[in-house]
Amino acid sequence: MEVQIEDSWKKHLHHEFEKDYFKLLTEFIRSEYSQHQIFPPGKLIFNAFNLCPFDDVKVVIIGQDPYHNYDQAHGLCFSVNDNIQFPPSLKNIFNEIKSDIGKEIPTTGNLTHWAKQGVLLLNATLTVRAHQAGSHQRKGWEKFTDEVIRVLSTQKENLVFILWGNYAQRKGAFINRDKHLVLSSAHPSPLSAYNGFFGNKHFSKTNDYLKKHGREIINW
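Residues numbered from 1 in each chain as written. Predicted model: local features only at pLDDT ≥ 70, side-chain atom pairs only at ≥ 80, totals over all residues. Heavy atoms only, no water.

Description of the environment of Asp 146
Move 1: Mapped onto the secondary structure, Asp 146 falls in helix α6 (residues 141-155).
Move 2: A relative accessible area of 29% means that Asp 146 is categorised as partly exposed.
Move 3: Considered as a pair, Asp 146 and Gly 172 are 26 residues apart in the sequence and their alpha carbons are 8.2 Å apart.
Move 4: With residues near it in sequence (within four places) discarded, Asp 146 still touches Lys 171 and Phe 174. (Helix = DSSP H or I, 4+ residues; strand = E, 2+ residues; numbered from the N terminus. Buried < 20%, exposed > 50% of the residue type's maximum accessible area, 1.4 Å probe, protein only. Contact = heavy atoms within 4.5 Å.)

Re the environment of Asn 83
Move 1: Note that Asn 83 resides in the loop between β2 (59-63) and α4 (88-101).
Move 2: Overall, Asn 83 belongs to the exposed group, its relative accessible area being 79%.
Move 3: For Asn 83 and Asn 110, which are 27 residues apart along the polypeptide, the C-alpha to C-alpha distance reads 8.8 Å.

A closer look at the nonpolar core
Move 1: By size, the foremost hydrophobic cluster in this structure holds 66 residues, and its most contacted members are Phe 49, Ile 61, Trp 114, Leu 120 and Phe 144.
Move 2: Considering every element that reaches this core, the biggest residue donor is α6, with six residues.
Move 3: If we ignore the near neighbours within four places in the chain, the residues touching Trp 114 are Ile 61, Ile 93, Phe 94, Ile 97, Val 119, Leu 121, Phe 203, Asn 219 and Trp 220. (Core = buried A, V, L, I, M, F, W, Y, C linked by side-chain atoms within 4.5 Å.)

Some words on the packing of helix α1 (residues 7-17) against α6
Move 1: Put simply, α1 and α6 touch, their axes get as near as 11 Å, and they point 135° apart. The orientation of α1 relative to α6 falls into the category oblique. In this structure, the crossing between α1 and α6 has a hand that is right-handed. Facing α1, whose interface residues are Trp 9, His 12, Leu 13, His 15, Glu 16 and Phe 17, α6 presents Phe 144, Glu 147, Val 148, Val 151, Leu 152 and Gln 155. (Axes fitted to C-alpha atoms, helices over the stretch in contact; angles between N-to-C directions. Parallel < 35°, antiparallel > 145°, perpendicular 65-115°, else oblique. Left-handed = near helix turned anticlockwise from the far one by under 90°.)

Digging into the packing of aromatic side chains
Move 1: Scanning the entire structure with this criterion turns up 22 aromatic pairs.
Move 2: Ring geometry for Tyr 21 against Phe 22: centres 6.1 Å apart, planes inclined by 85°, an arrangement best described as edge-to-face. Judged on exposure class, the residue Tyr 21 and its partner Phe 22 are both buried.
Move 3: Connected via pairs of aromatic rings, a cluster forms that spans Trp 9, Phe 17, Tyr 21, Phe 22, Phe 46, Phe 49, Phe 54, Trp 141 and Phe 144. (Phe/Tyr/Trp six-rings, centres within 6.5 Å; stacked < 30°, edge-to-face > 60°.)

Comments concerning the pairing of strand β3 (residues 119-123)
Move 1: Within β3, five of the five residues are buried, which leaves it mostly tucked inside the rest of the structure.
Move 2: The side-chain alternation of β3 yields two buried faces, one formed by Val 119, Leu 121 and Asn 123 and the other by Leu 120 and Leu 122.
Move 3: Pairing geometry for β2 and β3, over five bridges, is parallel. Across the sheet, Ile 61 pairs through a bridge with Leu 121, a residue of β3. (Pairing = 2+ DSSP bridges.)

Comments concerning α6
Since the α-helix turns once every 3.6 residues, residues separated by three or four places project in the same direction.
Move 1: Its 15 residues place the ends of α6 21 Å apart at the C-alpha level, agreeing with the 21 Å of an ideal helix rising 1.5 Å per residue.
Move 2: When we look at burial in α6, the residues that qualify are Trp 141, Glu 142, Phe 144, Thr 145, Glu 147, Val 148, Ile 149, Val 151, Leu 152 and Ser 153. (Expected span 1.5 Å × (residues − 1).)

Quick word on the packing of helix α2 (residues 20-35) against α6
Move 1: Packing of α2 against α6 leaves a shortest axis separation of 9 Å and a crossing angle of 125°. By the criterion of interaxial angle, the relationship of α2 to α6 is oblique. As α2 packs across α6, the resulting crossing turns out to be left-handed. Mapping the contact onto sequence places Tyr 21, Phe 22, Leu 25 and Ile 29 in α2 and Trp 141, Lys 143 and Phe 144 in α6.
Move 2: When its residues are assigned to classes, the contact of α2 with α6 shows six nonpolar, no polar and one charged. (Nonpolar A, V, L, I, M, F, W, Y, C, P; charged D, E, K, R; others polar.)

Okay, structure coming up:
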């Protein structure tokens with residue numbers, strides 16, 4: 001099956017694209033886009049991969065679903081398009097960055113500049129129906145993104161995996177802690193941010209680890 005994804009990812013994931021579950025997922029997604037308003041736009045489903053080739057990955061942040069309101073989602077977890085109001089979780093992420101490393105809160109919630117530095121902003125589910133959170137869960141995306149995490153864990157070394165909240169922590173449970181740094185905390189959602197997200201210092205810890213292993217730090 002021909003999937004429009006960046007070449008280095010295609011090389012590492014081509015075996016998934018031929019599996020029955022992925023073919024069924026593809027049929028479902030095509031049907032959904034033809035009948036409903038789906039986010040992100042079709043050409044941005046694999047945006048996280050296209051902006052951050054396999055060989056460039058240094059950090060992986062795991063989210064759950066794309067945003068399901070108009071003009072927000074563009075294929076990167078927690079990120080929104082330019083000129084869109086910050087969702088509450090993203091606002092808390094920026095507040096933690098300011099507290100942790102002193103960087104002022106930006107004027108845009110577009111995290112493309114993180115992706116281009118080697119941060120894979122990976123949602124567990126890559127599509128969603130407008131205004132229906134979780135509507136594309138359990139259709140096959142989770143199986144695909146589990147494989148993405150497994151390939152990264154087994155084939156690369158000295159990555160930083162950032163797992164915010166119980167969902168991400170369960171999804172990252174099999175990551176090899178002997179080869180990689182795994183940072184876990186509460187989710188940045190207003191419901192949980194004060195229960196361990198604020199003060200987690202994940203941004204400085206990530207850069208300390210990258211520096212220790214001779215890699216360029218992330219300009220958060």
